[in-house]
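Residues per chain, in single letters:
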Amino acid sequence: MLRKVIFWLHLCCGVTAGLVVLMMSVTGVILTYERQMQVWEDRSYYAAPEAGQQRMTADQLVESSLQAPDFQATSIRINSDETAPAVLRQGRSQTLYLNPYTGVAYTPHSDSLSQFFSTVRGWHRWFNIRGDNRSSARVVTGAANLMFLFLVLSGIYLWLPKIFSRSTLTVRIWFNPLVDNAKARDYNWHHVFGFWAALPLVVIISTATVFNYSWANNLVYRLAGEEPPVRIASVAPTPSPAMPAARVPLEDLLASATEYSESWRTLELVIPETSADAATITIDEGDGGQPHKRHVLTLDASSGEVTNWAPFSRQSSGRQARRWVRFLHTGEALGLPGQTIAGLASFAGILMVWTGLALALRRFLAWRLSRRRLTRSNPRPASAN
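Residues numbered from 1 in each chain as written. Predicted model: local features only at pLDDT ≥ 70, side-chain atom pairs only at ≥ 80, totals over all residues. Heavy atoms only, no water.

Asks: Any chance you could explain the overall build of the protein chain here in plain terms?
Replies: Within the protein chain, the secondary structure is distributed over 11 helices and 7 strands. Against the 2.2 N^0.38 benchmark of 21 Å for 385 residues, the protein chain shows a C-alpha radius of gyration of 27 Å, more extended than a compact globule. In the protein chain, buried positions account for 40% of the 385 residues. In the protein chain, 60% of the contacts between residues at least 6 apart in sequence involve partners at least 24 apart. Only carbon and sulfur atoms are counted for the fraction: they give 60% of the accessible area of the protein chain, which is about 22900 Å². Taking the 37 positively charged and 28 negatively charged side chains of the protein chain as two groups, their mean positions are separated by 25 Å. (Helix = DSSP H or I, 4+ residues; strand = E, 2+ residues; numbered from the N terminus. Rg over C-alpha atoms; globule rule 2.2 N^0.38 Å. Buried < 20%, exposed > 50% of the residue type's maximum accessible area, 1.4 Å probe, protein only. Contact = heavy atoms within 4.5 Å. Areas by Shrake-Rupley, 256 points an atom, 1.4 Å probe, with all protein chains shown as cover. Lys, Arg positive; Asp, Glu negative; His and termini not counted. Charge placed at Lys NZ, Arg CZ, Asp CG, Glu CD.)

What follows is the structure, encoded as structure tokens:
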């Protein structure tokens, strides 16, 4: 009885959320190697300095960025690679690449991969809907993601054969060469891909839930043994026509960060506003997707004195767990092998949705056919006048 109930819940959730899960799986596959592909595309922004050229200071680069129309830098990222561009961002949506020796802005790529991936991420998260309707779209994708989690967990239970034997287990973990029709093939594939992708999918879907729901985000902190931080709503500052002035030069703030890491690869400074008390610098010693190699340095914006040094090992267990969640979702936390596993799991998700919907459709058509046959064999008696 329990198995039957779980099966029908599994079937109903699959039919209800199937197309949304299919969309998220397809876009997940496309985003598998996003970081590597963007690094490859951005190689055209790399340029060796000419003889005698000195790298401009962070303050000069921010000043140069003001030449770009409608751009007010809110952060600056410096790379230890002398040929790499300086990257300035305005919020999360606008990025400007500058030659660190001349301050000249590079012309953005035509048909940029960044724009392509941004569109794909938009579909992955909220059907690429903009404006006020985005929150409604996110409710749909969040609910579909929860149903997907139930599908995987219930599928693990339904995967277990009623009778354990070598033959029954073999056809559930590998392709059955004896299948002779589409229904048997879909049934076999649904079990095989579900078996191999179950564990990575649980990780991918569970971490996505943390992004969609505050209760899931808070649960990460509580499981790590601490109370979740209280989020304070912030109002975005209105960009001013002049560079936000820190009382300590930005270059001096970045120089302080280099003293805390000899192997830093990038330094990203959130440019403090005039009224800000602190300046925050993220020191990354990895490739950008390794949370345990990202450290945070906080300095007094007025004096440049260090107020807090928080290498990953010193951060609270809850904050560490939350940072791991971000990069476990994409597999980047485990490097290229992790990304590959995440991509393959997403591809398996595509096939599981496809075969699951096909099996559900065949079940429905068979039910309709049996109803018609029953009606023909038992016609209703004519009513007497």
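Moving on, there is more to tell.
Asks: I would appreciate a short explanation of the packing of helix α2 (residues 34-41) against helix α4 (residues 113-126) in the present structure.
Replies: When two helices pack together, their arrangement is given by the angle between the helix axes and by the axis-to-axis distance. For the pair α2 and α4, interaxial distance at closest approach is 10 Å and the crossing angle is 160°. As summarised for this structure, α2 and α4 are arranged roughly antiparallel, according to the angle between their axes. Residues Glu34, Met37, Gln38, Trp40 and Glu41 of α2 form the contact with α4, whose own contacting residues are Leu113, Ser114, Phe117 and Arg121. Split by residue class, the contact of α2 with α4 holds 4 nonpolar, 2 polar and 3 charged. (Axes fitted to C-alpha atoms, helices over the stretch in contact; angles between N-to-C directions. Parallel < 35°, antiparallel > 145°, perpendicular 65-115°, else oblique. Nonpolar A, V, L, I, M, F, W, Y, C, P; charged D, E, K, R; others polar.)

Asks: Teacher, can you tell me more about the confidence of the model for the protein chain here?
Replies: One rule of thumb: low pLDDT means the predicted coordinates there are not for detailed reading. This prediction gives the protein chain a mean pLDDT of 89; 94% of its residues lie at or above 70. Taken together, the stretch residues 239-246 has pLDDT below 50 and engages in 19 contacts with residues farther than four places along the chain or on a different chain. (pLDDT = per-residue confidence, 0-100.)

Asks: Can you help me understand the side chain of histidine 10 in this one?
Replies: The residue histidine 10 is located in helix α1 (residues 2-30) in this model. By relative accessible area, histidine 10 is classed as buried at 16%. Of note is the side chain of histidine 10, whose polar atom sits 2.8 Å from the side chain of serine 154. Setting aside residues up to four positions removed in sequence, histidine 10 forms contacts with Phe150, Leu151, Ser154, Gly155, Leu158 and His190. (Polar contact = N/O pair within 3.5 Å; in protein donor to acceptor, adjacent residues only side chain to side chain.)

Asks: What should I look at first to understand the pattern of salt bridges in this one?
Replies: If charged atoms from side chains of opposite charge come close, those side chains can pair. For the structure on display, the rule yields 8 salt bridges. Glutamate 34 serves as the salt-bridge partner of arginine 121, at 2.2 Å between the closest nitrogen and oxygen. Here glutamate 34 lies in helix α2 and arginine 121 lies in helix α4, a separation of 87 residues in the sequence. On the basis of relative accessibility, which here comes to 16%, the residue glutamate 34 falls in the buried class. In this structure, arginine 89 and glutamate 268 form a salt bridge, with 3.7 Å as the shortest nitrogen-oxygen distance. Here the residue arginine 89 occupies a position in strand β2 (residues 86-90), and glutamate 268 occupies one in strand β4 (residues 266-270), the gap between them amounting to 179 residues. (Salt bridge = Lys/Arg side-chain N within 4 Å of Asp/Glu carboxyl O.)

Asks: Would you mind showing me how to read the sheet that holds β4 here?
Replies: What holds strands together in a sheet is hydrogen bonding between their backbones, with the strands either parallel or antiparallel. Taken in spatial order, the 7 strands of this open sheet run β3-β2-β1-β4-β5-β6-β7, and their pairing is antiparallel. Looking at which strands have only one partner, the edges of the open sheet turn out to be β3 (94-98) and β7 (306-310). Strand after strand, the sheet turns through a mean of 20° between neighbouring axes, direction not considered. (Pairing = 2+ DSSP bridges.)

Asks: Looking at this structure, I do not really get unusual backbone geometry. What am I missing?
Replies: Note: most residues except glycine have negative phi, and most peptide bonds are trans. Here the phi dihedral of aspartate 70 falls at roughly 55°; this positive angle occurs in a residue that is not glycine. On the accessibility criterion, aspartate 70 (70% relative accessible area) is exposed. A positive phi angle is found at phenylalanine 127, which is not glycine, with a value near 60°. Relative to the assigned elements, phenylalanine 127 resides in the loop between α4 and α5 (134-159).

Asks: Hey, could you run me through the nonpolar core in this one?
Replies: Generally speaking, a soluble globular protein has its nonpolar side chains buried in company with each other. Counting residues in each nonpolar core, the largest one holds 28 residues, and the members touching the most others are Ile76, Leu88, Leu253, Leu269, Ile281 and Ile283. Secondary-structure elements contributing two or more residues to this core are α3 (58-65), β1 (75-79), β2, β3, α9 (250-258), β4, β5 (278-284) and β6 (294-300). Counting residues per element, this core draws most heavily on α9, which supplies 4 residues. Filtering out sequence-adjacent residues up to four positions away, isoleucine 283 remains in contact with Ala257, Tyr260, Ser261, Trp264, Thr266, Leu267, Lys293, Arg294, His295, Leu297 and Trp309. By size, the runner-up hydrophobic cluster in this structure holds 25 residues, among which are Ala198, Ile204, Ile205 and Leu351. (Core = buried A, V, L, I, M, F, W, Y, C linked by side-chain atoms within 4.5 Å.)

Asks: Quick question: what am I supposed to make of the packing of aromatic side chains here?
Replies: In this description, a pair of aromatic rings is defined by centroid distance and the angle of the planes. Inspection of the entire model under this criterion finds 14 aromatic pairs. Ring geometry for tyrosine 260 versus tryptophan 309: centroids 4.8 Å apart, planes at 45°, classification tilted. Placement of the pair is tyrosine 260 in the loop between α9 and β4 and tryptophan 309 in strand β7, with a sequence separation of 49 residues. Judged by relative accessible area, tryptophan 309 falls into the buried class, the value being 18%. (Phe/Tyr/Trp six-rings, centres within 6.5 Å; stacked < 30°, edge-to-face > 60°.)

Asks: What is the right way to look at the state of the cysteines in this model?
Replies: Disulfides are covalent bonds that link the sulfur atoms of two cysteine residues. Taken as a whole, this structure holds 0 disulfides when the rule is applied. Just so you know, cysteine 12 is unpaired, no disulfide at all, and the nearest cysteine sulfur is the one on cysteine 13, 7.1 Å from it. Classification of cysteine 13 by relative accessible area gives buried; the value is 17%. (Disulfide = S-S within 2.5 Å.)

Asks: What exactly am I supposed to notice about the pairing of β1 here?
Replies: A regular strand places its side chains on the two faces of the sheet in alternate fashion. β1 sits mainly inside the fold: 4 of its 5 residues count as buried. Here β1 pairs with β2 via 3 bridges, running antiparallel. Across the sheet, isoleucine 76 pairs through a bridge with leucine 88, a residue of β2. Linking two consecutive strands that pair antiparallel, namely β1 and β2, is a turn of 6 residues. Relative to β4, β1 is paired through 5 bridges, and the arrangement is antiparallel. Opposite serine 75, over in β4, you have valine 270 as the bridge partner.

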